[in-house]
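Listed below are the residues making up each chain.
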Amino acid sequence: MGAEMRRIHVGNALSAFGLGFTVPYLYVYVAQVRDLGAMTAGLVLAVFAVAALVVLPFAGRAIVRRGPLPVLLAALVTASVGALSLGLASSSTTVLLSAAALGAGQAVMQPALATMIVDFSSAETRSRAFATQFFLQNLGLGVGGLIGGHLVDASRASSFTLLFSIEAAMFLLLAVIMATVRMPRAPKVEGAPGGARGSWKQLLGNRAMVQLCAVGFVLFFACYGQFESGLSAYGVEAAGISTSALGTALAANTAMIVVAQFAVLRFVERRKRSRVIAAVGLIWAFAWVVAGYAGLGHASQTMATAAFVSTYALFGLGEAMLSPTVAPLVADLAPSGMAGQYNSAFALVKQLALAVGPAVGGPMGASLHAPYVVTFLLFSLGITFLAVRLGKQLTPVQNQPSLAKSRVVARGGASAESVQTAA
């Protein structure tokens, strides 16, 4: 990695650290510490999703027109103001407005940083770059949550004010670090549509991208959208999982990603991306079978807990396979200079899935145990089906970038041989 890419990865880690540092404690802070009630606390969590859905359709166009760095800096300043305001807020209105600023800033960071990774990587190095990003994001989330948990005290509002103040300062520090990145000259986008409506029309005309977005929605709906809602509710209600065991399961997910990420990378780099995504669908379908055994299999509590923890670990294995596969594919499908638009569109799909997933999965996981498992097992098999269909829309090199490298080597070898023959 060059110096610029190292700074970008530091930015990814710090932004994830900030998310893990405060978000897990938002409900307690709003409902109990500020004594604003469960309704307001629930609205704050909803505002995060709504803010993301509002700003992401415009973020892509801004990244294309202005470049990812100015958009990222604006997002960092917005998130910093939101975090500091949230730590000082004491009324429902100020809490909701602060959460909207923080949520919007954090949402825009994702496609901006992803576009910077695209700009500083090649087709050969992109999978490894995005795998490193995902690894550092999970590490940042875990470390942030761990440190934040030791700093907060529900009996002292000042401890939460300190927490949000540190997060705000960290975003400003990250802005300073990112401001030192020297972006390459942006390619001239030929034939680019003049307005936002035209750019979205062009994107929707890309059948491969539309199908990838469909796959992405199901991926995030059936996995990420269930972690802290439906699956945890199912574990507690159906499998009798304790809160400490639930924490262990979440830790197992992160541990699997951290341990397996680069080992898995070697496996997926030489395989077709559509087949890797299809394999993830099968792994997650098996994870739902294991979850079904934990809650419906009449096993001992020890076995049920072990099965439930294994479910989260299997999800982590699938996530490690997706990180060097899906994000680089989004970049490869984007026309020259349009990576920001495509990254933002995919981030928008992700946010939609993360908003719908808990709303559907939460009530089902808490009360309709067998239908819940069967429903999401079928969604996981749907990932495999959609991935196979997606593979038919991709060019051979889009589906397996290593082919391009092989062809270059083959041509080089042929040229060298012909030179020797001529000599």
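Residues numbered from 1 in each chain as written. Predicted model: local features only at pLDDT ≥ 70, side-chain atom pairs only at ≥ 80, totals over all residues. Heavy atoms only, no water.

Quick look at the nonpolar core
Step number 1: By size, the foremost hydrophobic cluster in this structure holds 118 residues, and its most contacted members are Met178, Met209, Leu212, Trp284 and Phe308.
Step number 2: Those residues in contact with Met209 that sit more than four places away from it in its chain are Leu203, Val330, Leu333, Tyr342 and Phe346.
Step number 3: Within the second largest apolar cluster, 5 residues are counted, among which are Ala52, Leu56, Ala107 and Leu348. (Core = buried A, V, L, I, M, F, W, Y, C linked by side-chain atoms within 4.5 Å. Buried < 20%, exposed > 50% of the residue type's maximum accessible area, 1.4 Å probe, protein only. Contact = heavy atoms within 4.5 Å.)

Observations concerning the packing of aromatic side chains
Step number 1: Overall, the coordinates contain 15 aromatic pairs when judged by the stated rule.
Step number 2: When the centroid spacing of 4.9 Å and the interplanar angle of 65 degrees are considered together, the rings of Phe221 and Phe379 count as edge-to-face. With a gap of 158 residues between them, Phe221 in helix H9 (residues 207–222) and Phe379 in helix H16 (residues 369–393) connect regions that are remote in the sequence.
Step number 3: Ring centres of Tyr234 and Tyr372 lie 5.9 Å apart, and the angle between their planes is 35 degrees; on these two criteria the pair is classed as tilted. (Phe/Tyr/Trp six-rings, centres within 6.5 Å; stacked < 30°, edge-to-face > 60°. Helix = DSSP H or I, 4+ residues; strand = E, 2+ residues; numbered from the N terminus.)

Some thoughts on the side chain of Ser121
Step number 1: Tracing the chain through its elements places Ser121 in the loop between helix H5 (92–119) and helix H6 (126–151).
Step number 2: On the accessibility criterion, Ser121 (12% relative accessible area) is buried.
Step number 3: Polar contacts involving the side chain of Ser121 include one to the main-chain carbonyl oxygen of Ile117, which spans 2.7 Å.
Step number 4: Dropping the residues within four chain positions of it, Ser121 is found in contact with Met5, Arg126 and Ala129. (Polar contact = N/O pair within 3.5 Å; in protein donor to acceptor, adjacent residues only side chain to side chain.)

Quick word on the pattern of salt bridges
Step number 1: Here the structure, examined in full by the defined rule, presents 4 salt bridges.
Step number 2: A salt bridge links Glu4 to Arg7; the shortest N-O distance between them is 3.3 Å. Of this pair, Glu4 and Arg7 both sit in helix H1 (residues 3–22), 3 residues apart, roughly one helical turn.
Step number 3: Arg7 sits in the partly exposed class, given a relative accessible area of 30%.
Step number 4: For Glu269, the salt bridge identified is with Arg128, shortest N-O distance 3.7 Å. Of this pair, Glu269 sits in the loop between helix H11 (243–268) and helix H12 (273–296) while Arg128 sits in helix H6, and the two are 141 residues apart along the sequence.
Step number 5: Glu269 sits in the partly exposed class, given a relative accessible area of 26%.
Step number 6: Three or more residues joined by partner-sharing salt bridges are found here, namely Arg126, Arg273 and Asp332. (Salt bridge = Lys/Arg side-chain N within 4 Å of Asp/Glu carboxyl O.)

Let's talk about the packing of H6 against helix H14 (residues 326–333)
Step number 1: Remark: H6 packs on H14, axes separated minimally by 8 Å, with the N-to-C direction vectors making an angle of 135 degrees. Judged on the interaxial angle alone, H14 and H6 are oblique. Like other packed secondary-structure pairs, H6 and H14 cross with a definite hand, here right-handed. Two secondary-structure elements touch here, H6 through Arg126, Ser127 and Phe130 and H14 through Ala327, Pro328, Ala331 and Asp332.
Step number 2: Tallied by class, the residues present in the contact of H6 with H14 amount to 4 nonpolar, 1 polar and 2 charged. (Axes fitted to C-alpha atoms, helices over the stretch in contact; angles between N-to-C directions. Parallel < 35°, antiparallel > 145°, perpendicular 65-115°, else oblique. Left-handed = near helix turned anticlockwise from the far one by under 90°. Nonpolar A, V, L, I, M, F, W, Y, C, P; charged D, E, K, R; others polar.)

Notes on a nonpolar patch on the surface
Step number 1: Together, Leu139, Val143, Leu146, Ile147, Leu151, Leu162 and Ile166 give the surface a local cluster of nonpolar side chains, amounting to about 540 Å² of exposed area.
Step number 2: Looking at the nonpolar patch, the elements with two or more residues in it are H6 and helix H7 (157–179).
Step number 3: Its place among the elements puts Leu146 in helix H6. (Patch = residues over 30% accessible without salt bridge, like charges linked within 9 Å, V, L, I, M, F, W, Y side chains within 5 Å. Areas by Shrake-Rupley, 256 points an atom, 1.4 Å probe, with all protein chains shown as cover.)

As for the environment of Arg61
Step number 1: Within the secondary structure, Arg61 sits in helix H3 (residues 37–66).
Step number 2: Arg61 gets classed as buried once you look at its relative accessible area, which sits at 12%.
Step number 3: Put simply, Arg61 and Tyr342 are 281 residues apart on the chain and 9.4 Å apart in space, counted from C-alpha to C-alpha.

Some points on the packing of H12 against H16
Step number 1: Taken N-terminus to C-terminus, the directions of H12 and H16 make an angle of 170 degrees; their axes are 7 Å apart at the nearest point. Considering their axes alone, H12 and H16 lie roughly antiparallel with respect to each other.
Step number 2: Looking at the contact of H12 with H16 residue by residue, the class counts come to 18 nonpolar, 7 polar and no charged.

Observations regarding the side chain of Glu319
Step number 1: If you trace the backbone, Glu319 turns up in helix H13 (residues 301–322).
Step number 2: Buried Glu319, no salt bridge; nearest opposite-charge side chain is Lys350, N-O distance 8.7 Å.
Step number 3: Not counting the four nearest positions on each side in its chain, Glu319 is found in contact with Phe134, Tyr224, Phe227, Asn253, Ile257 and Trp284. (Lys, Arg positive; Asp, Glu negative; His and termini not counted.)

Comments concerning unusual backbone geometry
Step number 1: At Asp35, a residue that is not glycine, the phi angle is positive and equals roughly 55 degrees.
Step number 2: Here Asp35 lies in the loop between helix H2 (26–33) and H3.
Step number 3: Assessed through its relative accessible area of 65%, Asp35 is described here as exposed.

Things to note about the state of the cysteines
Step number 1: In this structure the tally under the stated criterion is 0 disulfides.
Step number 2: Just so you know, Cys213 is unpaired, no disulfide at all, and the nearest cysteine sulfur is the one on Cys223, 18 Å from it.
Step number 3: On the basis of relative accessible area, Cys213 is assigned to the buried category, the value being 12%.
Step number 4: For Cys223, a relative accessible area of 1% gives the class buried. (Disulfide = S-S within 2.5 Å.)

A closer look at the confidence of the model for the protein chain
Step number 1: For the protein chain, per-residue confidence averages 82 on the pLDDT scale, and 91% of positions sit at 70 or higher.
Step number 2: Predicted confidence is poor over residues 188–193, with pLDDT under 50, and the contacts of this stretch with residues over four places away or in other chains come to 8 contacts.
Step number 3: Across residues 408–423 the pLDDT falls below 50, and counting only partners more than four positions away or on other chains, this stretch makes 0 contacts in the model. (pLDDT = per-residue confidence, 0-100.)

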